[in-house]
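Letter by letter, the chains look like this.
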Amino acid sequence: RTMPTETGSISSGINAEYGEARLDMLAGFDESCMKKRAVEKVEEEEEEELPWCCVCNRDAEVRCAECDNDLYCKRCFKEGHDEYDLDDHQPLIFKKTEKHKKYNMEH
């Protein structure tokens, strides 16, 4: 019985990547097209995102990546994450963009 080598693992990974890239090429996709689609998807999600806490509808202050990037005010983040022992979830500061100015925001 032989142990898999690092070279063998790398080789199989390269073959898988090549196969995937070949399928994309045959389907008419290139890397720039795929990147453009990814950027459009992020911009579309940002445009649809409302800048409010997903629990109480106050202005959002933090985002939780581990909770599907949900937005929270600081109070709801703390209360909800403490209640469910989600200590490993770290809040990220939510920065409002120009797109959010069209909404009536609390000050």
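Read on for a plain summary of the structure. Values in this document were obtained by computation on a predicted structure and should not be read as measured data. Throughout this document, residue positions are counted from 1 along each chain, in the order its sequence is written. With pLDDT at 70 or above as the cut-off, local features in this predicted model cover only qualifying residues; side-chain atom pairs require 80 or more to be listed or tallied, and sums for whole chains, interfaces and linings still use all residues. The side-chain values count all of the structure's non-hydrogen atoms but skip hydrogen atoms and water molecules.

Nonpolar side chains in soluble globular proteins tend to be buried together. Formed by Cys53, Val62, Cys64, Cys67, Tyr72, Cys73, Cys76 and Phe77, the largest nonpolar core amounts to eight residues. In this structure, Val62 is in contact with Asp70, Leu71, Tyr72, Cys73, Lys74, Phe77, Pro91, Leu92 and Phe94, ignoring residues within four places of it in sequence. Within this scheme, the nonpolar core is defined by two criteria: the residues are buried Ala, Val, Leu, Ile, Met, Phe, Trp, Tyr or Cys, and they are joined through side-chain atoms within 4.5 Å. Partly exposed residues are those whose accessible area sits between 20% and 50% of the maximum for their type, while under 20% is buried and over 50% is exposed, using a 1.4 Å probe and protein chains only. Whether two residues are in contact is decided by their heavy atoms: any pair within 4.5 Å suffices.

What follows concerns the pattern of salt bridges. Any Lys or Arg side-chain nitrogen found within 4 Å of a carboxyl oxygen on Asp or Glu counts as a salt bridge. Per the counting criterion, the structure on display carries three salt bridges. Between Glu49 and Arg63 there is a salt bridge, and its shortest N-O distance comes to 2.9 Å. Highlighted residues: Glu49 in the loop between α2 (31-48) and β1 (62-64) and Arg63 in strand β1, separated in sequence by 14 residues. Considered together, Glu49 and Arg63 belong to a single accessibility category, that of buried residues. A salt bridge links Arg75 to Glu79, with the shortest nitrogen-to-oxygen separation between them at 3.1 Å. Placement of the pair is Arg75 and Glu79 together in helix α3 (residues 74-83), with a separation of four residues, close to one helical turn. Helix and strand definitions follow DSSP, with helices as H or I runs of at least four residues and strands as E runs of at least two, each counted in order from the N terminus.

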